Amino acid sequence: MKSRYIRRWNANDDERWWLKVVEPDSGKVVGAACWAVERPKPDRPYKAEAVWYPEGSVERAFAERFINGLYGFIQKRVTRPHLDLLSIIVDPAYRRHGIGRMMIRWGTAKADELGIETAISSLPFAREAYAKCGFGMIEVILPDVNVPNPSERWKELQAEDLHGYLMWRPVGRDFIQGQDKAPWT
């Protein structure tokens, strides 16, 4: 599994971009993001693997069900090619310094250059940051994480705030509340 991700990282993929932000004095990586052109295949269900958790663990099963629910929801709605933010992280000591905004703005500029819209999923804590970068909240996503006879750990994970948001930005400009509607709504 790890080797597959390393191959993907090293691949010459002209529709996937890895960004990193380096603190100039120390050379420390303080932020990273991955953007990719998504070409939805509605007939092929999204299948995530939460390889950061041990195989067979409750956490892994829960994460996979959650992620597949989020992306499955989006895949049903956003059927045209679009740019998606697959991953973004900023070192906690460097948050609120514009690093995340810079990486998000890089992606929206890339989408504009490619002439495609941008559609991403957001968790509640990041929604406002995406809105400040020109995205509009189109729909609330409530992934189904119910299973028969859940373990106590599963119930703990279920108790978290699990709703997400489908965020969208049209080609060439920021979302305008009350004016813009995603083409699939």
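Residues numbered from 1 in each chain as written. Predicted model: local features only at pLDDT ≥ 70, side-chain atom pairs only at ≥ 80, totals over all residues. Heavy atoms only, no water.

**Student:** How do you make sense of the nonpolar core when you look at a structure like this?
**Tutor:** Nonpolar side chains in soluble globular proteins tend to be buried together. One finds Trp35, Leu83, Leu85, Met103, Ile120, Tyr130 and Phe135 to be the most contacted residues of the largest nonpolar core, which totals 22 residues. For this core, the secondary-structure elements that each account for two or more residues are strand 1 (16-22), strand 2 (29-38), strand 3 (82-90), helix 3 (99-114) and strand 6 (164-169). Beyond its immediate stretch of four places on either side in the chain, Phe135 contacts Trp35, Ile104, Thr108, Thr118, Ile120, Tyr130, Met167, Trp168, Arg169 and Phe175. Among the nonpolar cores identified, the runner-up in size contains 20 residues, and Val78, Trp154, Leu157 and Trp168 belong to it. (Core = buried A, V, L, I, M, F, W, Y, C linked by side-chain atoms within 4.5 Å. Buried < 20%, exposed > 50% of the residue type's maximum accessible area, 1.4 Å probe, protein only. Helix = DSSP H or I, 4+ residues; strand = E, 2+ residues; numbered from the N terminus. Contact = heavy atoms within 4.5 Å.)

**Student:** Whenever I open this one, the packing of aromatic side chains confuses me. Can you help?
**Tutor:** The relation between two aromatic rings is expressed through the spacing of the ring centres and the mutual angle of the planes. Taken as a whole, this structure holds 5 aromatic pairs when the rule is applied. Ring geometry for Phe62 against Trp154: centres 4.9 Å apart, planes inclined by 75°, an arrangement best described as edge-to-face. A residue pair is termed long-range when its members are at least 10 positions apart, and Phe62 in helix 2 (residues 58-77) and Trp154 in helix 5 (residues 152-158) qualify at 92 residues. Under the relative-accessibility criterion, Phe62 is labelled buried at 6%. For the pair Trp168 and Phe175, a centre-to-centre distance of 6.3 Å together with 85° between the ring planes defines the contact as edge-to-face. (Phe/Tyr/Trp six-rings, centres within 6.5 Å; stacked < 30°, edge-to-face > 60°.)

**Student:** Help me understand the pattern of salt bridges, please; the structure alone is not making it clear to me.
**Tutor:** Pairing is possible between side chains of opposite charge, provided their charged atoms come close. In this structure the tally under the stated criterion is 14 salt bridges. Between Glu64 and Arg60 there is a salt bridge, and its shortest N-O distance comes to 3.0 Å. Here Glu64 and its partner Arg60 are both found in helix 2, 4 residues apart, which amounts to about one turn of the helix. Of the two residues examined, Glu64 and Arg60, each falls in the buried class. Arg80 is the salt-bridge partner of Glu117, the closest N and O atoms lying 2.7 Å from each other. Highlighted residues: Glu117 in strand 4 (residues 117-122) and Arg80 in the loop between helix 2 and strand 3, separated in sequence by 37 residues. Accessibility expressed as a relative area gives 5% for Glu117, which makes it buried. (Salt bridge = Lys/Arg side-chain N within 4 Å of Asp/Glu carboxyl O.)

**Student:** Before we go on, may I ask you to explain the sheet that holds strand 1 in this structure?
**Tutor:** Two modes of strand pairing occur in sheets, parallel and antiparallel, and in both the strands are linked by backbone hydrogen bonds. Read across the sheet, 6 strands follow the order 1-2-3-4-6-5 without closing on themselves; strand pairing throughout is mixed. Each end of this open sheet is capped by a strand with a single partner; those strands are strand 1 and strand 5 (136-141). Pairs of neighbouring strands in the sheet enclose a mean axial angle of 25°, with direction left out of account. Inspection of the sheet shows strand 3 paired to strand 4 by 2 bridges, in the parallel sense. Of the residues in strand 4, the one forming a bridge with His82 is Glu117. Packing against the sheet, helix 3 makes contact with strand 1, strand 2, strand 3, strand 4 and strand 6, and its axis sits at approximately 165° to strand 3. (Pairing = 2+ DSSP bridges. Axes fitted to C-alpha atoms, helices over the stretch in contact; angles between N-to-C directions.)

**Student:** When you look at the state of the cysteines in this model, what are you seeing that I'm missing?
**Tutor:** The term disulfide refers to a covalent linkage connecting the sulfur atoms of a pair of cysteines. Across all of its chains, the model carries 0 disulfides by this definition. Left unpaired, Cys34 is separated from the closest cysteine sulfur, that of Cys133, by 17 Å. Relative accessible area serves as the criterion here: at 1%, Cys34 is assigned to the buried category. (Disulfide = S-S within 2.5 Å.)

**Student:** Sorry, what's going on with unusual backbone geometry here?
**Tutor:** Despite not being glycine, Arg96 shows a phi value in the positive range, around 70°. With respect to the helices and strands, the residue Arg96 is situated in the loop between strand 3 and helix 3. The class of Arg96 is exposed, set by a relative accessible area of 86%.

Keep in mind these values describe shape, not function.
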